[in-house]
Amino acid sequence: MRIGMRLLLGYFLIVAIAAWFVLSIFLQEVKPGVRRATEGTLIDTATLLAEFARADMLAGNTQHGQLAQAFSRLSQHTFKANISGITKSKNEYRVYLTDVKGIVLFDSSGNATGEDYSRWNDVWLTLQGKYGARSTPINANNPESTVMYVAAPVRDGQNIIGVLSVGKPNSAMDPVIRRSERRILWAGVALLGIALLIGLGFVLWINRAIGKLVRYADSVTTQHPLPLPEPGSSELRKLASALESMRLKLEGKAYIEQYVHALTHELKSPMAAVRGAAEILREGPPPEVVEKFSANILQQNLRMQQLVDNLLRQAKLESRAEITPKAVSLPALFSALYDSREVVAAGKQITLRVDERLDVDTVVEGDAALLEQAVGNLLDNALDFTPPGGEIVLGVEHYGGQSVITVSDTGSGIPDYAQDRVFERFYSLPRSNGQKSSGLGLAFVQEVARLHRGSITLENRPEGGTQARLALAGK
């Protein structure tokens, strides 16, 4: 099972257990909570009605007194109340009044007048000066048919002369209880659903970050390593840095072997030329021959020096894991590049220009020196492969959060067989003058793109020539 799925299941299991625990407590407390609230209401009602019953008992008119008349009128009137979606259309209270011996003097239901209720807890406890209440089923075979009775003493001074009890069926509270339970259950389902969505989002984020690291690690084995990803958390960022450090260390031995092999191969030709010229000079040739071969030695020496400098620059760049980005103005960068290559372009009869659509406020985040060298390499490459009368254009395009520096030329383009190798170290194509470069220019540009978490592509244009695209993160 994938780690993301394990994390999701573990997270959802924890949330589900916590939700079950909380919901079970809520559900267990709904019914007692509603009944406790109802009991409090019954106490207030019984205490209030006991004051009316006191006057009736003292007047000896419990059957036709104020309390009896009130309930008689109440039975003649209908009402309809909507309490948060629960409809109430009748009075559900049962009220009875007993004397000091527990004999029922008045019963609102009219069924128990004259009966002895002294054995019931509500009457018996209240007559003893205690809090009296009971819950008794109407039908012994149906435990859900219980009625809650709460009693209050009827006093004459300090003496208890009777007990007034108010009863309400527990079934009358069932709609409230069921609605509360439904709402709690729906809230629980919503909670689990939200938790699942949050878990999915978290797992997708983890998988995406890990996927970036996996793709980066896989690319290490290729000739085109991806830029070091930005995972988005400090822990994964440390892992990414560790992978980058491991990449540099693993590449060390093969890197040195490759460079030594390439350097040896590249130095063979100039060294052979120097040796041949030296052997000819030892024979004491005429002055014009001496001048010719001396110039050849100096030229080959310059070639070897440039190769060594390029190798050192490339090695230094590839050993860097990251850069400190700063704001770089592309118009200023393009202006500096144009000024430094204008004479060379004019000497080769090539038109060099900056796209007039370039916004003067275009800024990217990066290393100004590295970007100048990288774009300069692209320009030099375009100058080498563009014939006289051609044109090279520096421009920039914007896609979402990226700025893409473009160098377009009208040269011969890239042959099909070289499409996949142009960024390899020491791989080069013959220039327009027939000579070859060191093959490190585009490799340098690729490393600069990697350090800027961007990309470099080189593609043939439909109208002819080549376009280099160096993508960088926007400001």
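Remember, it's a predicted structure, so these values are computed and weren't measured experimentally. The numbering scheme is per chain: residues are counted from 1 as the chain's sequence reads. Thresholds applied to this predicted model are a pLDDT of at least 70 for local features of residues and 80 or more for the giving and counting of side-chain atom pairs; totals over whole chains, interfaces and linings are not thresholded and use all residues. Hydrogens and waters are ignored; side-chain quantities use all the structure's heavy atoms.

> Give a detailed account of the UniProt feature "transmembrane region" (unreviewed entry) in the protein, specifying residues and quantitative values.
UniProt positions are given in the numbering used here, feature names are shortened, and annotations may be inferred rather than shown by experiment. The positions UniProt marks with the feature "transmembrane region" (unreviewed entry) are residues 7-27 and 184-206. For the purposes of this entry, the term helix denotes a DSSP run of H or I that reaches at least four residues, the term strand denotes a run of E that reaches at least two, and both are numbered from the N terminus. Across residues 184-206 one finds 100% helix and 0% strand; the C-alpha atoms that close the span lie 32 Å apart.

> So what's going on with a nonpolar patch on the surface? Residues and values would help.
Exposure above 30% relative accessible area and the lack of any salt bridge qualify a residue for a patch; like charges then connect within 9 Å, and the nonpolar side chains Val, Leu, Ile, Met, Phe, Trp and Tyr within 5 Å. Using a 1.4 Å probe, the Shrake-Rupley method yields the accessible areas, and only the shown protein chains count as cover for residues. By convention in these notes, a salt bridge is any Lys or Arg side-chain nitrogen within 4 Å of a carboxyl oxygen on Asp or Glu. A cluster of nonpolar side chains, namely Trp20, Phe21 and Val22, defines an oily patch on the protein surface of about 360 Å² accessible area. Assignment of secondary structure puts Val22 in helix H1 (residues 3-59). Val22 sits in the partly exposed class, given a relative accessible area of 40%. Exposure categories follow from relative accessible area, calculated using a 1.4 Å probe and restricted to protein chains: below 20% of the type maximum is buried, above 50% is exposed, and the middle band is partly exposed.

> Any chance you could break down the packing of helix H7 (residues 330-347) against helix H8 (residues 368-385) for me, citing the residues and the numbers?
Where H7 meets H8, the closest approach of the two axes is 10 Å, and the angle between their N-to-C directions is 30 degrees. Between H7 and H8 lies a crossing of right-handed hand. Judged by residue contacts, Leu333, Ala336, Leu337, Arg341, Val344 and Ala345 of H7 engage Ala368, Leu371, Glu372, Val375, Gly376, Leu379, Asp380 and Leu383 from H8. Amino acids are sorted into nonpolar (Ala, Val, Leu, Ile, Met, Phe, Trp, Tyr, Cys and Pro), charged (Asp, Glu, Lys and Arg) and polar (every other residue, Gly among them). For the contact of H7 with H8, the per-class residue count stands at 10 nonpolar, one polar and three charged. To get an axis, fit a line to the C-alpha atoms, keeping to the stretch in contact for a helix; angles then go from 0 to 180 degrees between the N-to-C directions. Each crossing gets its handedness from the near helix: less than a right angle anticlockwise from the far helix is left-handed, clockwise is right-handed. Only heavy atoms enter the contact rule, under which two residues are in contact if any of them lie within 4.5 Å.

> Give me the lowdown on the environment of Gly167, citing residues and values where you can.
Relative to the elements of secondary structure, Gly167 occurs in strand S7 (residues 159-169). Separated by 19 residues in sequence, Gly167 and Met148 place their C-alpha atoms 5.3 Å apart. Excluding anything up to four places from it in sequence, Gly167 contacts Glu92, Tyr93, Arg94, Val147, Met148 and Tyr149.

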